[in-house]
Amino acid sequence: MAIELVARAYQIPTDAPEADGTFSWTSTTVVVVQAGADGVVGLGWTYGPAAVMSVVADLLAPRVRDLDADDVPGAWLAMQHRLRNAGRPGVAGMALSAADCALWDLKARRHGLPLARLLGTARTAVPVYGSGGFTTYDAEQQHRQLAHWTREQGIPRVKIKIGESWGQRTHRDLDRMAAARRTIGDDVELFVDANGAYTCKQAIRVMHQAADLDVCWFEEPVSSDDLQGLGRVRDAVRADVAAGEYGYDLVYFKRMAPFVDCQQIDVTRCGGITEFLRAAAVAAAHGLDVSGHCAPHQHLAVAAATPNLRHLEWFHDHVRIEAMLFDGTRSPEGGVLPVGREAPGNGLALRESAAERWRMA
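Residues numbered from 1 in each chain as written. Predicted model: local features only at pLDDT ≥ 70, side-chain atom pairs only at ≥ 80, totals over all residues. Heavy atoms only, no water.

1. Some remarks on the overall build of the protein chain
Part 1 of the reasoning: For the protein chain, the count of helices and strands is 14 helices and 14 strands.
Part 2 of the reasoning: Taken over C-alpha atoms, the radius of gyration comes to 20 Å for the protein chain, in line with the 21 Å a tight globule of 361 residues would show.
Part 3 of the reasoning: Considered along the principal axes of its C-alpha atoms, the protein chain spans approximately 60 × 40 × 40 Å.
Part 4 of the reasoning: Across the 361 residues of the protein chain, 59% fall into the buried class.
Part 5 of the reasoning: Taking contacts inside the protein chain between residues at least 6 apart in sequence as the whole, the part at least 24 apart equals 69%.
Part 6 of the reasoning: For the protein chain, the exposed surface amounts to about 13,900 Å²; the carbon and sulfur share of it is 49%. (Helix = DSSP H or I, 4+ residues; strand = E, 2+ residues; numbered from the N terminus. Rg over C-alpha atoms; globule rule 2.2 N^0.38 Å. Buried < 20%, exposed > 50% of the residue type's maximum accessible area, 1.4 Å probe, protein only. Contact = heavy atoms within 4.5 Å. Areas by Shrake-Rupley, 256 points an atom, 1.4 Å probe, with all protein chains shown as cover.)

2. Thoughts on the packing of helix 7 (residues 170-184) against helix 8 (residues 200-209)
Part 1 of the reasoning: At a closest axis distance of 11 Å, the pairing of helix 7 and helix 8 adopts a crossing angle of 35°. Judged by the twist between their axes, the crossing of helix 7 over helix 8 is right-handed. Contacts between helix 7 and helix 8 involve Thr 170, Leu 174 and Met 177 from the former and Gln 202, Val 206, Met 207 and Gln 209 from the latter.
Part 2 of the reasoning: Classifying every residue of the contact of helix 7 with helix 8 by side-chain character gives 4 nonpolar, 3 polar and no charged. (Axes fitted to C-alpha atoms, helices over the stretch in contact; angles between N-to-C directions. Left-handed = near helix turned anticlockwise from the far one by under 90°. Nonpolar A, V, L, I, M, F, W, Y, C, P; charged D, E, K, R; others polar.)

Below, the structure is given as structure tokens:
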């Protein structure tokens, strides 16, 4: 039984210009990895540069070719060892993540099991929060998006981006936060994400100025590399401070855990399903919940399997892309995303002919 790993990249334009506190973009690249064995194909993906394809083809695919497709932890270890000189964080970590997710999906499909049943579940539906509210949105765009999540989909927690222009427009940040609270009312949780745009004291001042808005989640108030700064903000504000989306290995999560209230993990970066479960255990050992970062359909099964999961990010950009690329995507119902427990694997199928228009050479 030979395992074949194949990677393809697709670049998909956004439906409007998007930006956060430190970055702006008009398209998103997704790299899809297919893992095949015995005529069965598993599916995984990551949101990263097209260079991920070369790492999969040149480094990972040869390393797992002769391994047993059921021994996913062994394949993960072999791939991780192969990345030693390439560098685990960044592009290589994204390649490892997508390949690992594809191999878990392959195993589930080979045995005719839903991926959620193969991993086991701690819950049958995963809480989500609406995420978008880009700094490029005008007041009406922001209002429409938040109203859609809260009034049409019944999502009881939503997040907007702040820290505009590297923290140079705090007055607009505060105005947009106040507008968000007016849209969602008093019964919906308001989350904000500065993407590391603020300085430590600036982040604290902004939260103090927004005290009447009852913000309960403050994501990356300062750079996630500034662990002491994260801790200082956490100790000075009422909102839970969260970070971790750029974690590529267990040591990262271990270092960060003492400085945050909730640890974010991204299954498309951290090392896939194999490493997500271990990172969640590291967080649990520190008394922390975890939150799945972006890529909601790639997270769904492992999120359902994680006892200390708080919620999953229903990120506008990725929700849209996953619905465009895959058959079998789901929608939240009353703030939770039902876990697929019928179709084999993750229950998704790549729309190859439709996706071809966005394929990168």
